[in-house]
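Okay, here's what each chain looks like letter by letter:
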Amino acid sequence: MRQMVARRLAFAVPVLVLVALAVFLLGAASPFDPIFQYYGVGIFTASAAEVARVRETLNLDAPVLVQFGQWLGGLATGDLGHSRSLRQPVVEVLVQRVPWSLLLAGTGLVLALVLALVLGVLTAWRQGGWLDRAVTATAHALEGLPSFVLALGAVAVLALGLGWLPAGGLTDAGAEPTFGQVARHLVLPVAVLGVSQAPWLVLHLRASLLSALAEDHVIGARARGLAEHVVVLRHALPTALLPLVNLLGARLPELVTGAVLVEVVFSWPGIASAVVSAGLDLDFPLLAAITLLTTAAVLLGALLADVAVLLLDPRVRADG
Amino acid sequence: MSPLTRRSVVVALCALPVLAACSAPSSTSAPSSAAAEQLGLADGYEPESLHPLLGYGTEGASRIFDGLVAYDAARQLQPALAAELPSPSADARSWTVRLRDGVTFHDGSSFEAADVVATYRALLDPASASTETTTYSMVTGVSALDPRTVRFDLAFPYAAFPHRLTLGVLPSEALAEPGPAEKSPLTTKPIGTGPYRLAEWRKGERMVFEANDSYWGGASQVRRITVVFATDDNTRAQRMTSGEFDGTVLPPGLAHTFDGRAGYSVISHRSADYRTLMLPTGNPVTGDAAVRLALNHAANRQGMIDALLMGEGEPAYTPIAPALAEYAEPGATFAYDPDRARQILQQAGWVPGPDGIRQRAGQPARFTLMYPASDTVRKDLAQALASDARAVGLDVRLEGLGWEAIEPRMGADALVLGGGNPFDPDLASYALLHSSFAADGFNNPGSYVNPRVDAALDTGRRSTDPTARAQAYREFQRAYLAQPGMVFLVFLRHTYAITGSEQDYRARGYQPIIEPHSHGTGWGPWWNLEDWKVSP
């Protein structure tokens, strides 16, 4: 297994470099010109000669491969570069924003898992009951619903309509980011993220639990007269959980993109808004750093899921 | 979302135990206006940096920085970091500024001539890549005559030069190393001498200003200002309604939803913020003198103001706002007269074709009008103008684009342009209409060339005699009117929603002002918060 982990990690390096290169190439092909962002309203009074001189000073017109080379060189020495759109070192941007994104995505994932476990078990156990029918229908509907639609709906109903929860931001205007404040503002985005990610997990767990319930060892357990909750939770659930771990790894990219959309809708000060401004302003260093980070998170998530399966299920072997 | 799914979403959400635990009844702690020492404002625009060399607070609208001079409520320059107004040499080519004593920066260092020299030298240094260099291109040298006196040397006599001295002054220590301003720590951790220091900036969310107790003008009574950033106008209005802010800037339509609502008022400020139609000389239709004149008579300016801006604007005919009464030529207007417009076109040989569109020698009277796609006011004005033009037989095709796409086409296609300055006619008109700036970036993008206009603008720029200047700018307006190069449409009014009443605000120290193009919570009713009294 150690071999597999090492191989996967080694393979990740060229993948990351290629992804970063793709970011630079896509950026160079986009119609955006960073000079407009740099100048702001100042562009309307600046002379053409002056703008050309600033372009040269800032090295904006360097060929994309040269810019990529410079960025890669900086990366090798641990320098992630300077974000032009946020006028901050990239490291500072990440340090300020990634924790908030992790908080949101992490809590959202936990919520999705809890929902999956509770609803998955209940629906499989009482297959065909009213709860099963309601949950299955809702889950299928939610699968087809983009997370930002869900987010806007939740804002309209719970924040604007009923006024129960704040519509956005990290805290109330002017309030300090205390635990209570952040917790209150976290509820709605986490609920949306969790609910939008849960359907796949719920339906998947329900299906595998249903097949587990029909397996011989479960029938055996029932025949021995064990209590129903022991049969379901101790005998059927563990077999059904294994594929869920795999699915979780595979759905990580969805979680990341879902989190980006949710962050934008709720003005959550995570990396999402930085992604947007970096994209519009052709902020290569920030764009590349964030893309690398999310790619790495996805690769690592998939790896962890595989390792978990290896550890949990003695039947599975690392290939090679 | 169908009603069914929305209901199921609500059901699903309500089922969450975590939600029930946190859904305490709404007790949003709205900052009460009784706590007058604090103010919570919402702005639709977040500055990208707080570095004066990158355009922050260049017209003096900064709480963090002081310039050598600053504007008062009557738009007159008053000494700030200068001890008295700058005095010109006889030829107005060098300006001497004596500096105020006993001023300290937020970091405790004392303010001296070296700081002024360092700031302006860094501005002019190409290595800084400052965005403001063009407006200071006449400066050839800055030197300290002694620790309390600075002299600026100019390439030519420039009467409006003191208006350029509103730039925020930075401590020389922070500018010791030449290099791009965007990489300086000052972009996010500014050090100024102003009435407020930056206490916190959570990017994308809010900025907190705290009163500077050692401010040379005396410590402000409004101790703490929180500016929350919410770019969407509707969101801002919504959060204002829920009592989250003490005030915000809103477009006229949204601002007036607060009319008559208990506890709220609307304040609107006149401005020199014009919207104009830039007409490229190089285009055979928009470059034609008759078409330009006819468009100016065909545009129903008051109609646009009433229908699109809820009355919050004034008709514009030249870049000189009526607010600049001492310079404005009273008769410099174009009557709204479609018949006259048709007559002008007819006489110039533009005759109606079979499709109703005029043409001359096979050239249809048709041009493209571009506007920045994200700006709804400009889009509305462009549509209104297109319909007014259609009524006199001119075909205007509209295109909403990004600035990247607009810039390379400005020589061939018309554009809805915005800008304006209420402080000096030179700042408002020279780069916009003088031939020396023709097609120089976004300055005079239509390449308007009029020797009479050039001569008047030059006289106004070089003379320091107020009467001679006033005469020159009146002549400039007459010359422009005889041969217009643009279609100035409106000077916008900037509208703000506040909690409480305008009387309360006035009692506390608010004074109405006339604003430039830039506005927001740094301007508006809050432009002089440092002078407000907590208890009237």
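Residues numbered from 1 in each chain as written. Chains lettered and ligands numbered in written order. Predicted model: local features only at pLDDT ≥ 70, side-chain atom pairs only at ≥ 80, totals over all residues.

Engineer: Would you explain the overall build of chain A in this entry?
Structural biologist: What chain A contains, in helices and strands, is 13 helices and 2 strands. Overall, the C-alpha framework of chain A stretches about 85 × 55 × 35 Å when taken along its three principal axes. Taken over 320 residues, chain A has a buried fraction of 40%. (Helix = DSSP H or I, 4+ residues; strand = E, 2+ residues; numbered from the N terminus. Buried ≥ 20, exposed ≤ 12 C-beta atoms within 10 Å, placed from the backbone.)

Engineer: Teacher, can you tell me more about the overall build of chain B here?
Structural biologist: The helix and strand tally for chain B stands at 14 helices and 22 strands. The C-alpha radius of gyration computed for chain B amounts to 25 Å, which stays within 12% of the reference 24 Å derived for 536 residues, consistent with globular compactness. Per-residue burial for chain B yields a buried fraction of 49% across its 536 residues. Taking the contacts inside chain B whose residues are at least 6 apart along the sequence as the reference set, 71% of them involve residues at least 24 apart. (Rg over C-alpha atoms; globule rule 2.2 N^0.38 Å. Contact = placed C-beta atoms within 7 Å.)

Engineer: For this particular structure, what's the right way to read the interface of chain A and chain B?
Structural biologist: In many reports, interface size means the accessible area that the parts give up when they come together. Facing 51 residues of chain A, the contacting portion of chain B comprises 53 residues. Mapped onto the side of chain A that touches chain B, the elements with two or more residues apiece are helix H2 (34–39), helix H3 (48–58), helix H6 (130–143), helix H7 (147–161) and helix H8 (179–213) of chain A. Classifying every residue of the side of chain A that touches chain B by side-chain character gives 31 nonpolar, 13 polar and 7 charged. (Nonpolar A, V, L, I, M, F, W, Y, C, P; charged D, E, K, R; others polar.)

Engineer: In this structure, what is going on with the sheet that holds strand E16 (residues 358–360) of chain B? I would like to understand it.
Structural biologist: Pairing between sheet strands relies on hydrogen bonds along the backbone, with the strands arranged either parallel or antiparallel. All names here are of chain B. Strand order in this open sheet of 3 strands is E15-E16-E17, and the pairing throughout is antiparallel. Both outer strands of the open sheet, strand E15 (351–352) and strand E17 (363–364), are each paired with one neighbouring strand and no more. In this structure, E16 lies alongside E17, joined through 2 bridges in antiparallel fashion. Looking at the pairing, Gln 359 lines up with Pro 364 of E17. (Pairing = 2+ DSSP bridges.)

Engineer: Got a minute to help me understand the confidence of the model for chain B in this structure?
Structural biologist: As a note on interpretation, predicted positions should not be read in detail where pLDDT is low. Residue and element names in this part refer to chain B. Predicted confidence across chain B gives a mean pLDDT of 89, with 93% of residues reaching 70 or more. Low pLDDT, under 50, characterises residues 1–34; the predicted model gives this stretch 45 contacts beyond four residues in sequence or across chains. Two numbers describe this predicted complex: its pTM, 0.80, and its ipTM, 0.78. (pLDDT = per-residue confidence, 0-100.)

Engineer: For this particular structure, what's the right way to read the environment of Leu 242 of chain A?
Structural biologist: All names here are of chain A. Relative to the elements of secondary structure, Leu 242 occurs in helix H10 (residues 228–250). Between the C-alpha atom of Leu 242 and that of Leu 286, which follows or precedes it by 44 residues, the distance is 37 Å. Those residues in contact with Leu 242, other than ones at most four positions away along the chain, are Val 309, Leu 312 and Asp 313.

Engineer: Looking at this model, I keep getting lost on helix H13 (residues 466–482) of chain B. Mind explaining?
Structural biologist: For the α-helix, the turn length of 3.6 residues means that residues three or four positions removed from each other point alike. Over its 17 residues, H13 of chain B extends 25 Å from the first C-alpha to the last, a length consistent with the 24 Å expected when each residue adds 1.5 Å. Of all the positions in H13 of chain B, only Arg 469, Ala 472, Tyr 473, Arg 474, Phe 476, Gln 477 and Tyr 480 of chain B are classed as buried. (Expected span 1.5 Å × (residues − 1).)

Engineer: Honestly, the sheet that holds strand E4 (residues 87–88) of chain B in this entry has me stumped. Any pointers?
Structural biologist: All names here are of chain B. Read from one edge to the other, the open sheet built from 4 strands follows the order E4-E5-E7-E6, with strand pairing classed as antiparallel. The open sheet is flanked by E4 and strand E6 (139–146), the only strands paired with a single partner. Bridge count for E4 against strand E5 (residues 94–98) is 2 bridges, and the pairing is antiparallel. Residue Ser 87 lies in a different strand from E5, and its bridge partner there is Thr 96. Sitting on the sheet, helix H3 (residues 113–124) touches E6 and strand E7 (149–154), and the angle it makes with E6 is about 165°. (Axes fitted to C-alpha atoms, helices over the stretch in contact; angles between N-to-C directions.)

Engineer: Help me understand the pairing of strand E11 (residues 247–250) of chain B, please; the structure alone is not making it clear to me.
Structural biologist: Remember that side chains alternate between the two faces of the sheet whenever the strand is regular. All names here are of chain B. Along E11, one buried face is formed by Gly 247 and Val 249 and the opposite face, lined by Thr 248 and Leu 250, is buried too. Taken together, the 2 bridges between strand E1 (residues 38–43) and E11 define a ladder with parallel strand orientation. Among the inter-strand pairings, Ala 42 is bridged to a residue of E11, identified as Thr 248. In this structure, E11 lies alongside strand E22 (residues 494–499), joined through 4 bridges in antiparallel fashion. Its bridge partner lying in E22, Thr 248 is registered against Ala 497.

Engineer: What am I meant to see in the packing of H6 of chain A against H8 of chain A here?
Structural biologist: Between two packed helices, what matters for the description is the angle formed by their axes and the separation of those axes. All names here are of chain A. Two elements in contact, H6 and H8, have axes separated by 9 Å at closest approach and are oriented at 125°. Taken together, H6 and H8 sit at an angle that is classed as oblique. The two elements H6 and H8 meet at a crossing, and its hand is left-handed. Seen from H6, the contacting residues are Val 135, Ala 139, Leu 142 and Glu 143; seen from H8, they are Val 195, Ser 196, Pro 199, Trp 200, Val 202 and Leu 203. Looking at the contact of H6 with H8 residue by residue, the classes come out as 8 nonpolar, 1 polar and 1 charged. (Parallel < 35°, antiparallel > 145°, perpendicular 65-115°, else oblique. Left-handed = near helix turned anticlockwise from the far one by under 90°.)

Engineer: What exactly am I supposed to notice about the environment of Glu 37 of chain B here?
Structural biologist: All names here are of chain B. By secondary structure assignment, the location of Glu 37 is in the loop between helix H2 (17–22) and E1. Glu 37 gets classed as partly exposed once you count the C-beta atoms within 10 Å, which come to 13. The spatial distance from the C-alpha of Glu 37 to the C-alpha of Trp 532 is 9.7 Å, given a sequence separation of 495 residues. Residues contacting Glu 37, with those up to four places away along its chain left out, are Gln 221, Val 222, Arg 223, Arg 224 and Val 534.

Engineer: Help me out: how do you make sense of the pairing of E22 of chain B in this one?
Structural biologist: Residue and element names in this part refer to chain B. Counting buried positions along E22 yields 6 of 6 residues, so the element is predominantly enclosed. Residues His 494, Tyr 496 and Ile 498 of E22 are buried on one face, and the alternating residues Thr 495, Ala 497 and Thr 499, pointing to the opposite face, are buried as well. Pairing of strand E12 (residues 264–269) with E22 involves 6 bridges; the strand directions are antiparallel. Note on E22: the bridge partner recorded for Ser 265 is Ile 498.

Engineer: So what exactly am I meant to see when it comes to unusual backbone geometry here?
Structural biologist: Excluding glycine, a negative phi dihedral is what most residues carry, and trans is how most peptide bonds are arranged. A positive phi angle, close to 65°, is found at Asn 59 of chain A, a residue other than glycine. Counting through the fold element by element, Asn 59 of chain A comes out in the loop between H3 and helix H4 (64–76). Judged by the 11 C-beta atoms lying within 10 Å of it, Asn 59 of chain A falls in the exposed class. One non-glycine residue with positive phi stands out, namely Ala 92 of chain B, at about 60°. Looking at where Ala 92 of chain B falls in the secondary structure, it is placed in the loop between E4 and E5. On the basis of neighbour counts, which here come to 18 C-beta atoms within 10 Å, the residue Ala 92 of chain B falls in the partly exposed class.

Engineer: Would you take a moment to explain helix H12 (residues 451–462) of chain B for this structure?
Structural biologist: Residues and elements named next belong to chain B. Across its 12 residues, H12 extends 16 Å between first and last C-alpha, which sits within 8% of the 16 Å expected from 1.5 Å per residue. Turning to H12, its buried residues are Val 453, Ala 456, Leu 457, Gly 460 and Arg 461. In a view along the axis of H12, the buried residues occupy a sector of 135°, so they form one face of it. Close packing links the buried residues of H12 with helix H11 (425–433) and H13. (Arc of directions from axis to C-beta.)

Engineer: Would you take a moment to explain the nonpolar core for this structure?
Structural biologist: Generally speaking, nonpolar side chains in soluble globular proteins are found buried as a group. Of all hydrophobic cores here, the largest spans 146 residues; its most connected members are Leu 68, Leu 277, Ala 294, Leu 489 and Val 490 of chain B. Core analysis: the second largest hydrophobic core is formed by 77 residues, Ala 139, Val 155, Val 262 and Ile 271 of chain A among them. (Core = buried A, V, L, I, M, F, W, Y, C linked by C-beta atoms within 7 Å.)

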